[in-house]
Amino acid sequence: MIDYRDRHILSLLQANAEMPLSEIAERVALSVSACSRRVARLREEGYIKGTIALLDRKKINLPTTIFLLVKTGLHTGNYLEQFHAAVSAIPEIVEVHRLTGNFDYILKLALPNVEYYDVIYKQILKHVTFYDMSAYISMETVKISPALPTNYI
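Residues numbered from 1 in each chain as written. Predicted model: local features only at pLDDT ≥ 70, side-chain atom pairs only at ≥ 80, totals over all residues. Heavy atoms only, no water.

So, on to the overall build of the protein. Secondary structure assignment for the protein yields five helices and four strands. When the helices and strands of the protein are read in sequence order from the N terminus, they spell out α-α-α-β-α-β-β-α-β. Projecting the C-alpha coordinates of the protein onto the three principal axes gives extents of approximately 55 × 35 × 25 Å. Looking at the protein as a whole, 31% of its 153 residues are labelled buried. Intrachain contacts of the protein at a sequence separation of at least 6 include 65% that bridge at least 24 residues. For the protein, the exposed surface amounts to about 10,600 Å²; the carbon and sulfur share of it is 54%. In the protein, 17 side chains carry a positive charge and 16 a negative one; their mean positions are 3 Å apart. (Helix = DSSP H or I, 4+ residues; strand = E, 2+ residues; numbered from the N terminus. Buried < 20%, exposed > 50% of the residue type's maximum accessible area, 1.4 Å probe, protein only. Contact = heavy atoms within 4.5 Å. Areas by Shrake-Rupley, 256 points an atom, 1.4 Å probe, with all protein chains shown as cover. Lys, Arg positive; Asp, Glu negative; His and termini not counted. Charge placed at Lys NZ, Arg CZ, Asp CG, Glu CD.)

On to the packing of aromatic side chains, then. Given two aromatic rings, their pairing is described by the distance between the two centres and the angle made by the two planes. With the rule as written, the count across this model stands at three aromatic pairs. Aromatic side chains Phe 83 and Tyr 105 sit 4.3 Å apart centroid to centroid with 40° between the ring planes, which places their arrangement in the tilted category. One end of the pair, Phe 83, is in helix α4 (residues 77–88); the other, Tyr 105, is in strand β3 (residues 105–111), with 22 residues separating them in the sequence. The pair Phe 83 / Tyr 105 is uniform in exposure class, with both members buried. (Phe/Tyr/Trp six-rings, centres within 6.5 Å; stacked < 30°, edge-to-face > 60°.)

Attention now goes to the pairing of strand β2 (residues 93–98). Pairing of β2 with β3, which is carried by five bridges, proceeds in the antiparallel orientation. Considered in β3, the bridge of Val 96 is made with Leu 107. Counting the residues between successive antiparallel strands, the hairpin from β2 to β3 contains six residues, one of them, Gly 101, with a positive phi of roughly 100°. (Pairing = 2+ DSSP bridges.)

Look at helix α3 (residues 32–44): 18 Å from first C-alpha to last across 13 residues, which is about the 18 Å you get at 1.5 Å a residue. Taken together, the buried positions of α3 are Ala 34, Cys 35, Arg 38, Val 39 and Leu 42. The buried residues of α3 all sit within an arc of 140° when viewed along its axis, so they share a single face. Residues of α3 that are exposed and point more than 90 degrees away from the buried face comprise Arg 37 and Glu 44. Looking at the buried positions of α3, the neighbouring elements they touch are α1 (4–15) and α2 (21–27). At the exit of α3 stands Gly 46, carrying a positive phi of roughly 85°. (Expected span 1.5 Å × (residues − 1). Arc of directions from axis to C-beta.)

So, on to the pattern of salt bridges. Counted according to the given criterion, the structure contains seven salt bridges. Among the ionic pairs, Arg 38 bridges to Asp 3, the shortest N-O distance being 2.8 Å. Here Arg 38 is found in helix α3, whereas its partner Asp 3 is found in the segment before α1, with 35 residues between them in sequence. Note on Arg 38: relative accessible area 17%, which makes it buried. Owing to a relative accessible area of 30%, Asp 3 belongs among the partly exposed residues under this scheme. With a closest N to O distance of 3.0 Å, Arg 38 and Asp 6 form a salt bridge. Separated by 32 residues along the polypeptide, Arg 38 in helix α3 and Asp 6 in helix α1 bring together distant segments of the chain. Looking at Asp 6, the relative accessible area reads 0%, which means it is buried. (Salt bridge = Lys/Arg side-chain N within 4 Å of Asp/Glu carboxyl O.)

Shown next, in the form of structure tokens:
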């Protein structure tokens, strides 16, 4: 059973996964050992899927974000497996979502510049065919947060 302290622990870890356990314990009013057991349980139960480092996209020369809307035209199991494999193999494609509405997928690309989009476009087309593709260049990131609200559990 997830309680307020568990949700608070999850929020703290999302804000800073390197926060010392002693500080987390203090903030949620638990002993360090009790807090440690809770974090371990949250990992075991799958609430915490892993820990990653968030990189500065400008410092690693990937400042450009392009969103690619895709209509596949095909919806067979074989085609979908091929499509999923193709987009998973390209590291510059950092997110892929299947959609409702006029387009089947939206892809988020992290690129060094706008011109590099053509390289990714050609890589995708080597593996799968599309009915339609539309690319949109992000002019400004207004909000970005990998943290999820924890008040729904």
